[in-house]
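# Secondary and tertiary structure notes
Spelled out from the first residue to the last, the chains are:
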Amino acid sequence: MARKLAAGNWKMNGVTANLAEAAALAKEFVASSVDILLCPPATLITPMAQILKDSPIATGAQDCHSNESGAHTGDISAAQLADAGATYVITGHSERRADHSESDADVRSKTEAVCAAGLTAIVCVGETLGQREAGDALKVVHGQLLRSLPDEIDATKLVIAYEPVWAIGTGKVPTLAEIAEIHADMRATLTERFGDIAADLPLLYGGSVKPSNAADIFAVADVDGALVGGASLKAADFAGIISALEAS
Ligand code: PGA
């Protein structure tokens, strides 16, 4: 059985004052039956990890470089993120793929770097609107998944997030049947490649998840949690999503 995870991605939002939201969540969730994660901008990883250190909420990063160190101005390695207090790193978010031309091969290298640093990778895949309208969603996600993952995986250190690009930040959500179709295909693809351990990999859905639609999405087979952008910025919204996952 895959563990359940409610992961928040603050993206390029938040300054020190916003750490109060993390503190409020830590106050509300002193224990949880699910895994909880917040990924603030890199500037807030260390203070957030400090605030969350006695809570069940983990702190993560949104990206890393694939090398451990070196002449890469402005980049941050997985080892440095671990040192800063992160235990997870998101790789291959569609905004990184679009804004920084990250290829599946880049995502794979970064994912390998995250695993080598002993952190858990959340690998994102998802089709664009054009690809879905052309009937290619399954094929696109299948290919991204195969090309973005290392050959060897540790199921306890890997999470997959299906995030249709057109559902991110738009308020549009696929139908539950569309989510179910992709998640079933991802589970089958992962099982074919990695064997029975694929059953233990959390498969998250991401894209306009809110407290009001979370319970329906979490009831879909093979959905083990969510990667949440906008609704993770406010403790009250994210708490509603965490509670829906706990109840699922
Ligand atoms: P959203 O973003 O919840 O704001 O749609 C999701 C994501 O990009 O992870």
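Here's what I pulled together on the structure shown here. (Residues numbered from 1 in each chain as written. Predicted model: local features only at pLDDT ≥ 70, side-chain atom pairs only at ≥ 80, totals over all residues. Heavy atoms only, no water.)

### Looking at helix 1 (residues 19-28)
Those residues of helix 1 that fall on the buried side of the exposure criterion are Leu19, Glu21, Ala22, Leu25 and Ala26. Buried positions in helix 1, seen along its axis, are confined to an arc of 150° and lie on one side of it. Turning to helix 1, the residues buried within the fold contact strand 2 (35-39), helix 2 (45-51), strand 3 (57-61) and helix 10 (235-247). (Buried < 20%, exposed > 50% of the residue type's maximum accessible area, 1.4 Å probe, protein only. Helix = DSSP H or I, 4+ residues; strand = E, 2+ residues; numbered from the N terminus. Arc of directions from axis to C-beta. Contact = heavy atoms within 4.5 Å.)

### Section: the pattern of salt bridges
Oppositely charged side chains are able to pair whenever their charged atoms sit close together. A full pass over the atoms with the stated rule returns 18 salt bridges. A salt bridge links arginine 108 to glutamate 112; its shortest N-O distance comes to 3.3 Å. Taken together, the positions of arginine 108 and glutamate 112, both in helix 5 (residues 104-116) and 4 residues apart, correspond to about one turn of that helix. A relative accessible area of 24% places arginine 108 in the partly exposed class. As a salt-bridge pair, aspartate 151 and arginine 193 come within 3.1 Å of each other at their nearest N and O atoms. With aspartate 151 in the loop between helix 7 (137-148) and strand 6 (158-162) and arginine 193 in helix 8 (residues 176-194), this pair connects stretches of sequence that are 42 residues apart. What makes aspartate 151 exposed here is its relative accessible area of 53%. The exposure class of arginine 193 is partly exposed, given its relative accessible area of 28%. Connected through shared salt-bridge partners, Asp63, Arg96, Glu102 and Lys110 make up one network. (Salt bridge = Lys/Arg side-chain N within 4 Å of Asp/Glu carboxyl O.)

### Thoughts on the state of the cysteines
A full pass over the atoms with the stated rule returns 0 disulfides. The structure places no disulfide on cysteine 39, whose sulfur is separated from the nearest cysteine sulfur, that of cysteine 124, by 9.4 Å. (Disulfide = S-S within 2.5 Å.)

### Observations concerning the environment of alanine 214
Mapped onto the secondary structure, alanine 214 falls in helix 9 (residues 211-218). Each residue touching alanine 214, except ones within four places of it in the same chain, is listed here: Val209, Ile241 and Ala244.

### Observations regarding the site of the ligand
Not every one of the 13 residues close to the ligand is listed here, only the nearest: Lys11, His93, Glu163, Gly169 and Ser208. Within the backbone of serine 208, one N or O atom sits 2.7 Å away from an oxygen atom of the ligand. Across the complex, the protein chains shield 94% of the 280 Å² of accessible surface that the ligand would expose by itself. Residue composition of the shell around the ligand, by class: 4 nonpolar, 7 polar and 2 charged. (Near = heavy atom within 4 Å. Polar contact = N/O pair within 3.5 Å; in protein donor to acceptor, adjacent residues only side chain to side chain. Areas by Shrake-Rupley, 256 points an atom, 1.4 Å probe, with all protein chains shown as cover. Nonpolar A, V, L, I, M, F, W, Y, C, P; charged D, E, K, R; others polar.)

### Describing the environment of glycine 240
Within the fold, glycine 240 resides in helix 10. Along the sequence, glycine 240 and leucine 138 sit 102 residues apart, while their C-alpha atoms lie 30 Å from each other.

### A short note on the side chain of glutamine 144
For glutamine 144, the location among the structural elements is in helix 7. In this structure glutamine 144 comes out as buried when scored by relative accessible area, which is 11%. At 2.8 Å, the side chain of glutamine 144 and the backbone nitrogen of glycine 126 are in polar contact. Ignoring sequence-local partners within four residues, the contact set of glutamine 144 consists of Arg97, Asp104, Val125 and Gly126.

### What about the nonpolar core?
Nonpolar side chains in soluble globular proteins generally cluster together in the buried interior. Formed by 63 residues in total, the largest nonpolar core has its most connected members in Leu25, Ile160, Met186, Leu190 and Phe238. In terms of residue count, the dominant contributor to this core is helix 10 (7 residues). If near-sequence neighbours (up to four positions away) are discounted, phenylalanine 238 is found in contact with Ala6, Ala7, Gly8, Leu25, Ile36, Leu37, Leu38, Val228, Ala231 and Ser232. Of all hydrophobic cores here, the second largest spans 13 residues; its members include Ala7, Tyr88, Ala161 and Leu204. (Core = buried A, V, L, I, M, F, W, Y, C linked by side-chain atoms within 4.5 Å.)

### Let's talk about the pairing of strand 2
By the criterion of burial, strand 2 is predominantly enclosed, with 4 of the 5 residues buried. Pairing between strand 1 (residues 5-9) and strand 2: 5 bridges, direction parallel. In the strand pairing of strand 2, asparagine 9 is matched with cysteine 39. Chirality of the crossover, the property in question, places the unit of strand 1, helix 1 and strand 2 among those that are right-handed. Where strand 2 meets strand 3, 3 bridges bridge the pair, whose relative direction is parallel. Bridge pairing in strand 3 places isoleucine 36 opposite isoleucine 57. Running through helix 2, the crossover from strand 2 to the neighbouring parallel element strand 3 is right-handed. (Pairing = 2+ DSSP bridges. Right-handed = clockwise from strand over helix to strand, strands pointing away.)

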